[in-house]
Amino acid sequence: MNKDKLKIATRAIHAGQQPDPSTGAIMTPVYLTSTYVQSAPAEHLGYEYARSGNPTRTALEANLAALEDGKYGLCFASGLAAENTLLHTLKSGDHIVTARDVYGGTFRLFDKIWKQLGVSFTAVHAWNLDEIRGAMQPNTRLLWLESPSNPLLTCADIAGAAEIGHAGGAKVIVDNTFATPILQRPLSLGADVIVHSVTKYLGGHSDVIGGALVTNDEELHEQLRFLQNALGGVPGPMDCFLVLRGTKTLAVRMKQHCENAAKIAEYLAQHADVERVYYPGLVDDPSHEVASRQMSDYGGMVSVELRGDLERNRRFASSTKVFALAESLGGVESLINHPASMTHASVPKEEREKGGLRDTLMRLSVGIEDVEDLIADLDQAIAVSRDSSSSPATVAG
Ligand SMILES: *Cc1c(COP(=O)(O)O)cnc(C)c1O
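Presented here is an overview of the structure given in this document. (Residues numbered from 1 in each chain as written. Predicted model: local features only at pLDDT ≥ 70, side-chain atom pairs only at ≥ 80, totals over all residues. Heavy atoms only, no water.)

### What to know about the nonpolar core
So, step 1. Counting residues in hydrophobic clusters, the biggest one holds 76 residues, and the most contacted among them are L64, L87, I96, W144 and L145.
So, step 2. The element best represented in this core is helix α2 (residues 55-67), accounting for five residues.
So, step 3. For this core, the domains that each give at least three residues are domain 1 (3-248) and domain 2 (250-386).
So, step 4. With residues up to four places along the chain from it excluded, the contact list for I96 reads L87, L90, F110, V119, S120, F121, T122, L142 and W144.
So, step 5. Formed by 24 residues, the second largest nonpolar core is a distinct cluster that contains Y267, L268, M362 and I382. (Core = buried A, V, L, I, M, F, W, Y, C linked by side-chain atoms within 4.5 Å. Buried < 20%, exposed > 50% of the residue type's maximum accessible area, 1.4 Å probe, protein only. Helix = DSSP H or I, 4+ residues; strand = E, 2+ residues; numbered from the N terminus. Domains from an automatic or database assignment. Contact = heavy atoms within 4.5 Å.)

### Comments concerning the sheet that holds strand β2 (residues 95-99)
So, step 1. Strand order in the open sheet formed by seven strands is β1-β7-β6-β5-β4-β2-β3, and the pairing between neighbours is mixed. Two strands in the sheet have a free side with no partner beyond their single neighbour: β1 (72-76) and β3 (120-124). Strand-to-strand twist in this sheet, taken as the mean axis angle between neighbours without regard to direction, amounts to 20°.
So, step 2. Bridge count for strand β4 (residues 140-146) against strand β5 (residues 171-175) is five bridges, and the pairing is parallel. Bridge pairing in β5 links L145 to V174.
So, step 3. Together, β1 and β7 (211-215) form the strand contacts of α2, whose direction differs from that of β1 by roughly 125°. (Pairing = 2+ DSSP bridges. Axes fitted to C-alpha atoms, helices over the stretch in contact; angles between N-to-C directions.)

### Here's the deal with the sheet that holds strand β9 (residues 301-306)
As a general point, the strands of a sheet are linked pairwise by backbone hydrogen bonds and lie either parallel or antiparallel.
So, step 1. The sheet built from five strands is open, its strands ordered β8-β9-β12-β11-β10 with mixed pairing. Only two strands of the sheet have a single neighbouring strand rather than two, namely β8 (274-278) and β10 (324-325).
So, step 2. Here four bridges tie β8 to β9, and the two strands are oriented antiparallel to one another. Across the sheet, the residue bridging to R276 is E305, located in β9.

### Description of the site of the ligand
So, step 1. In the region of the ligand, 15 residues are neighbours, and G79, D175, S197, T199 and K200 sit closest.
So, step 2. Interatomic distance of 2.9 Å between a backbone N/O atom of G79 and an oxygen atom of the ligand.
So, step 3. Here an oxygen atom of the ligand sits 2.9 Å away from a polar atom, N or O, in the main chain of L80.
So, step 4. Contact with the protein chains hides 94% of the accessible area of the ligand, taken as 380 Å² for the molecule alone.
So, step 5. In terms of residues, the shell around the ligand owes the most to one element, helix α3 (residues 79-87), which gives three residues.
So, step 6. Partitioned by chemical class, the residues of the shell around the ligand number four nonpolar, seven polar and four charged. (Near = heavy atom within 4 Å. Polar contact = N/O pair within 3.5 Å; in protein donor to acceptor, adjacent residues only side chain to side chain. Areas by Shrake-Rupley, 256 points an atom, 1.4 Å probe, with all protein chains shown as cover. Nonpolar A, V, L, I, M, F, W, Y, C, P; charged D, E, K, R; others polar.)

### What to know about the state of the cysteines
So, step 1. Counted according to the given criterion, the structure contains zero disulfides.
So, step 2. The cysteine C155 is free of any disulfide, with C258 supplying the nearest cysteine sulfur at 12 Å.
So, step 3. C258 sits in the buried class, given a relative accessible area of 2%. (Disulfide = S-S within 2.5 Å.)

### What about the packing of aromatic side chains?
So, step 1. What the rule picks out here adds up to four aromatic pairs.
So, step 2. Judged by centre distance (5.8 Å) and plane angle (40°), the ring pair of F110 and F121 falls under tilted. A residue pair is termed long-range when its members are at least 10 positions apart, and F110 in helix α4 (residues 104-114) and F121 in strand β3 qualify at 11 residues.
So, step 3. By relative accessible area, F121 is classed as buried at 17%.
So, step 4. Here F110 falls in the buried class, since its relative accessible area comes to 1%.
So, step 5. Grouped by ring-pair contacts, the aromatic residues F107, F110, F121 and W144 constitute a single cluster.
So, step 6. The ring of Y103 has K200 lying over it, and the distance from NZ or CZ to the ring centre is 5.0 Å. (Phe/Tyr/Trp six-rings, centres within 6.5 Å; stacked < 30°, edge-to-face > 60°. Lys NZ or Arg CZ within 6 Å of the ring centre and 35° of its normal.)

### A word on the side chain of N54
So, step 1. Relative to the helices and strands, N54 resides in the loop between α1 (8-14) and α2.
So, step 2. For N54, a relative accessible area of 4% gives the class buried.
So, step 3. Within the structure, N54 has its side chain in polar contact with the backbone nitrogen of T56 (distance 2.9 Å).
So, step 4. The residues contacting N54, other than those within four sequence positions of it, are Y31, T33, Y36, Y47 and P237.

### What about the side chain of N337?
So, step 1. You can see N337 is positioned in strand β11 (residues 335-337).
So, step 2. A relative accessible area of 1% means that N337 is categorised as buried.
So, step 3. Side chain to side chain, N337 and T343 meet in a polar contact 3.0 Å long.
So, step 4. For N337, the contacting residues outside a window of four places in its chain are L325, A326, E327, M342, T343, M362 and R363.

### Comments concerning the pairing of β1
So, step 1. Across the five residues that make up β1, a large majority, five, are buried.
So, step 2. Of the two faces of β1, both are covered, the one formed by Y72, L74 and F76 as well as the one formed by G73 and C75.
So, step 3. Here β1 runs beside β7; their pairing, made up of five bridges, is antiparallel. Looking at β7, one finds that G73 is bridged to V214.

### A word on the environment of E333
So, step 1. Position of E333 relative to the elements: it lies in the loop between β10 and β11.
So, step 2. Taking the C-alpha atoms as reference points, E333 and A381, separated by 48 residues in sequence, lie 17 Å from one another.
So, step 3. Dropping the residues within four chain positions of it, E333 is found in contact with S206, S365, G367 and E369.
So, step 4. Side chain to side chain, E333 and S206 meet in a polar contact 2.5 Å long.

Take a look at the structure:
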C-alpha cells in the first residue's frame, strides 16, 4: 500500500510516526535529552544537539508536512517564532505585501520589529486581487496571506493571489491556522510556505504554544532549517508530543467545530439583536464563494456584532457561561474574545478600522461541546446584555 496516497485523517494519525524500534512503544517517546552520544568525533546517529534536532520534534515535523501535502516541516516554540524565522530570509530594503486583516501579533512583528530593521510593508485588503497587484513593488519579496482572516474571517483567493505574487517575484506565504490542513491545503493552490500557530487547532486542547512552517521548496527549506538552528526558537519535546497527540484527532475535531459553528452562525444571523455575523459558510457572506472553491468546510470561527454600542457588546462578552472570555482559539472548549481590547489591541485603532475591524466586534471560537448548550448560552448572554442596557435602541432590535 502506497503510504503517500493515504487520506488526510489517516495521515493525521500515522504520518511521521513508527512504533519505537527499541521497545515497540506505539507512541513516539518524549526524548528529554539535550545531547546525543557520538561513537567517534562527528560520528553519530543523525542527532548531535537538541536545538538542531530531537526525534519527538522530527516526528511532529514529518506529521505536519504530510498533513499539508508538503515535503518539509519545521517546528518552532510559537507561531510568532515560526513567522520571525521566516522573516529572517529578508534583508533591509526588502518589501512585504500583507493582508491587512492578519493576526495582531503578525502585524506587530511587521510594524514594530521588522520596519525598524528596514523591511517595509504595504497592507492590503487581500480579498481584492487588484489591490494586491497594485501594492507589488520591484523589491517585494513576500506576499503574506491569512485566509480565513482573523478576526473578520474574510477569505483571499489564494490561487489568484499566488499568481500575482509569483509574477512579481515574491514568495507566497499563507497562515493556515484558522482553516487547518483538514479544510484547506494552500501549497496545492500555489503557496510557497504555510505558517501555523500550532497553539490553536493543531494542538487543539489549549495546553501548548507552538508554531510550524511547511514548504515544498527544497532550497527555501534548507535556508529555513539553517535559520531554525541559528536563531534557536525551537519547541521542547514535551510540547511536540502534545501536538502529535492533538493532530491525531484533528479530522474529527474539525468536523464538529465546523458543524457547531455553522449552526451558531445561522442562529445568530436570524436573531433580531444581531447587527452582523461574519462566517464564510453563510451563503450571503462576501467570502462564501471563494471559501467554497478552496475550502472543504468553513471552519469553527464566527465573529458577531450585536446591535447597540460597545458597552452592550462588552456586556454580551462578559455574560456567557459556557463560552469563556479569553484570547486564543481552536481548543475543544468554546471561547469568546473582544479583538479590539484583547487579541488585536496591538493594532492601532486607525489601522483596525481601515481593515474593517470595528470595536463592537466579538470573535467566537466555537468548541466541540453540544451545540444546543452553546446556542442556549449565547441566547441568555444576548438577553442579559439587552436587559441591562441603558440604550432603548438595543432593546428594539
Ligand atoms: C495565534 C496566531 C498566531 C501566533 O501564534 P502563537 O503560537 O501565539 O505565537 C499567528 N497566526 C494566527 C492566525 C494566530 O491565530
